[in-house]
Amino acid sequence: MSSLVINTRMRNIAIIAHVDHGKTTLVDAMFRQSGLIRAGQEIDDRIMDNLELERERGITIAAKNCAVNWKGTKINIIDTPGHADFGGEVERALAMVDGALLLVDASEGPLPQTRFVLKKTLEAGLKIIVVINKIDRQDARPNEVLNEIYDLFIDLDATEEQLEFPLLYAIGREGITQKGLEQRGEDLQPLFDTIVEQIPPPSYDPDEPFQMLVADLGYSDYLGRLAIGRVVNGWARSNDSLVCLDALGRQVSLKVSKLQVYEGLKLQETECAEPGDIVVLAGVAEVKIGDTICTHESPKPLKRINVEEPTVSMRFTINTSPFAGKEGKYVQASKVGERLFKETLRNVGIQVEDGEDRESFVVKGRGEFQMAILIETMRREGFEFCVGRPEVIYRHRNGETYEPMEHLFVDCNENFLGIVTEKLSSRKGHMINLVNRGSGRVRVEFNIPARALIGYREEFLTDTKGTGIMNCYYAGYDLFRGAFPTRYTGSIVADRQGKAVAYALFNLEPRGQLFIVPGTPVYEGMIVGEHNRENDINVNPCKEKKLSNMRAAGRDENVIQTPPRIVTLEGAIHFIKEGEIIEVTPKSLRLRKAVLSAKKRHTNAAAEKKAVA
């Protein structure tokens, strides 16, 4: 076997971190200082967050590629999401690189998602550069954070070589990195130099034919389907005839119509794809993430990208409410199904299965936040559909039931520790660690079933008066811990179709918190509020005041309603219980009962009680 050859002109690196630790801001600075953005050119902050939802929420959702040049070396950079729900994006990004830049906040230190992305990087055996960012914060504690990083590496079974990581300090917002805390840096030169010196260049076998692992997909109106990935061995040129190997080893012939590489954020056409480079290849009609593109003569598959199994599922169905089809562009089951299956091509962390009937689909993923992003994206594209409550995916072994667990980190004021511990214990959570540094805040760790956290986040923020911080990461499967109540309130349900009236809503206020305002269209089975008690109640929100020829007191003329609770998509997902679904349209979010008729619900409930008895 011939020895490997190194492509010294190139480096491939991923930037990994917890949410909001400064990945995308640092990439902005790298663009500016590498000469990609000319002096005086006006650009938006967080250039890499180019999706509308990413800009609104201030987080990275999809891994994205770009490239900068530094002293003759091309550095391919992949900006990855920091949220564990988008772990599939991290895993496919790591398949394209030889090293990673681990960013850690100088005040917050390593957080749960830092642990998640670092674990994946260490398992891949990649070289890691640690950057402690935001050292200009007033509450920065870089020395303590460095010790926490070493503890995390040791806890994740890092090798001796991985523990000897290069260390830099940074102020990403100002585009400054430095090797120590004493002397203030001026620019990102130490970072670029460290990447070139420490990250191993891509290597390849000169005797092997062309092989490329598909790690991302794109689409062009002019070129059709695009396969994005890293060239592992060999060269490819425009108009070459190649084959694509799928998961079952089947071969699909293709002709390379165009080859492109990344230059900054843009794509530039190239005649030849060289080993180690990340390229965009056009000309393949059918391709999935994890496929191998290689030559006809020696079709050798590469190791596929494997992601952790999904832990949460949601049921998507067509809209069956009386208002169906009034606000959406795509309402048919075939259109919804087509869009969901298309999502699986781009997102390795999502799985879609046909439901029990022809009008429903079961979508499986890593968490309800990932599901919420998918739902929000679809409604903005003009889709109208209904979704059910998130349900965890159980496993059965040797007659025992296992459920997914989460390792939960809570940071809150010590005054709220009692209520938080009480709530999480009632949800079958086990406290495994408590740290009180005497600052007035405590950090608590729990091992808790994943289903216990569905719907708890808003309750947690209420209990801690908005000051608590809650993070978690997937901790594997464990024995089922038994049932527990997830919601102690019922629903206020409309009993007829019409428009809500101020007089009726004013009189319903003592019953609970309302979600609607006067003039809102309602229908039978639509949830218009949260009941104070555990049971559901059917009400008439359209009831008008009886008029007579008798004069009314002045105080009766003006009805002042308490502002209703605005229901967001995440809030709706957390609120609904069994037997309730969310009606999603491009213009509205409505909560409703799965069975709209009050009479049918009453009959079904009576039948269930009789069956239990």
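Now for a quick tour of the structure.

1. Side note on the sheet that holds strand β16 (residues 266-269)
Okay, step 1: On the basis of which strands lie adjacent, the open sheet formed by eight strands has the order β14-β13-β19-β10-β11-β18-β15-β16 and antiparallel pairing. Unpaired on one side and paired on the other, β14 (251-255) and β16 mark the two borders of the sheet. Ignoring which end each strand starts from, the neighbouring axes of this sheet average 40° apart.
Okay, step 2: Where strand β11 (residues 224-233) meets strand β18 (residues 278-282), five bridges bridge the pair, whose relative direction is antiparallel. When the sheet's bridge partners are listed, Arg 230 is paired in β18 with Ile 278.

2. Re the pattern of salt bridges
Okay, step 1: The final tally for this structure, using the stated rule, is 34 salt bridges.
Okay, step 2: One salt bridge connects Lys 74 with Asp 277, and the closest N-O pair in it is separated by 3.4 Å. Remark: Asp 277 occurs in the loop between β17 (272-273) and β18 and Lys 74 occurs in strand β4 (residues 73-79); sequence separation between them is 203 residues. For the pair formed by Lys 74 and Asp 277, the shared burial category is buried.
Okay, step 3: Residues participating in the shared-partner salt-bridge network are Asp 105, Lys 134, Arg 137 and Asp 139.

3. Points about the packing of aromatic side chains
Okay, step 1: Using the criterion set out here, one finds twelve aromatic pairs in the structure.
Okay, step 2: Each ring, one from Trp 70 and one from Phe 192, has its centre 4.4 Å from the other, and the planes form 15°; the classification is stacked. Highlighted residues: Trp 70 in strand β3 (residues 64-70) and Phe 192 in helix α7 (residues 189-198), separated in sequence by 122 residues.
Okay, step 3: Since its relative accessible area comes to 0%, Phe 192 is described here as buried.
Okay, step 4: One aromatic cluster is present, built from ring pairs that chain together Tyr 150, Phe 153 and Phe 165.
Okay, step 5: Directly above the aromatic system of Tyr 477 lies the positively charged group of Arg 395, at a separation of 4.0 Å from the ring centroid.
Okay, step 6: Sitting over the ring of Tyr 402, Arg 397 keeps its end group 4.2 Å from the ring centre.

4. Focus on the layout of surface pockets
Okay, step 1: Estimates place the volume of the largest pocket at around 1,700 Å³.
Okay, step 2: Take the lining of the largest pocket: its biggest share by element is eight residues, from helix α15 (residues 598-612).

5. Focus on the nonpolar core
Okay, step 1: Judged by nonpolar contacts, the single largest core of 65 residues is most densely connected at Ile 132, Phe 153, Leu 281 and Ile 293.
Okay, step 2: Each residue touching Ile 293, except ones within four places of it in the same chain, is listed here: Phe 210, Gln 211, Met 212, Val 214, Ala 227, Leu 242, Val 243, Cys 244, Leu 254 and Leu 281.
Okay, step 3: Counting residues in each nonpolar core, the second largest holds 27 residues, with Met 371, Ala 372, Ile 375 and Ile 573 among its members.

6. Observations regarding the pairing of strand β20 (residues 312-317)
Okay, step 1: Pairing geometry for β20 and strand β22 (residues 360-365), over six bridges, is antiparallel. Counterpart to Ser 313 in the pairing with β22 is Lys 364.
Okay, step 2: The pairing of β20 with strand β24 (residues 391-392) spans two bridges and is classified as antiparallel. Its bridge partner lying in β24, Val 312 is registered against Val 392.
Okay, step 3: In this sheet, strand β23 (residues 385-387) lies alongside β20 in antiparallel orientation, the contact comprising two bridges. Opposite Phe 316, over in β23, you have Val 387 as the bridge partner.

Conventions we followed
- Residues numbered from 1 in each chain as written.
- Predicted model: local features only at pLDDT ≥ 70, side-chain atom pairs only at ≥ 80, totals over all residues.
- Heavy atoms only, no water.
- Pairing = 2+ DSSP bridges.
- Helix = DSSP H or I, 4+ residues; strand = E, 2+ residues; numbered from the N terminus.
- Axes fitted to C-alpha atoms, helices over the stretch in contact; angles between N-to-C directions.
- Salt bridge = Lys/Arg side-chain N within 4 Å of Asp/Glu carboxyl O.
- Buried < 20%, exposed > 50% of the residue type's maximum accessible area, 1.4 Å probe, protein only.
- Phe/Tyr/Trp six-rings, centres within 6.5 Å; stacked < 30°, edge-to-face > 60°.
- Lys NZ or Arg CZ within 6 Å of the ring centre and 35° of its normal.
- 1 Å grid on protein atoms, 1.4 Å probe; cavity = no way out; pocket = protein on both sides within 12 Å on 5 of 7 lines; lining within 4 Å.
- Points joined across faces, edges and corners; volume = space filled by probe spheres on them.
- Core = buried A, V, L, I, M, F, W, Y, C linked by side-chain atoms within 4.5 Å.
- Contact = heavy atoms within 4.5 Å.

No statement about biological role is implied by the geometric values presented.
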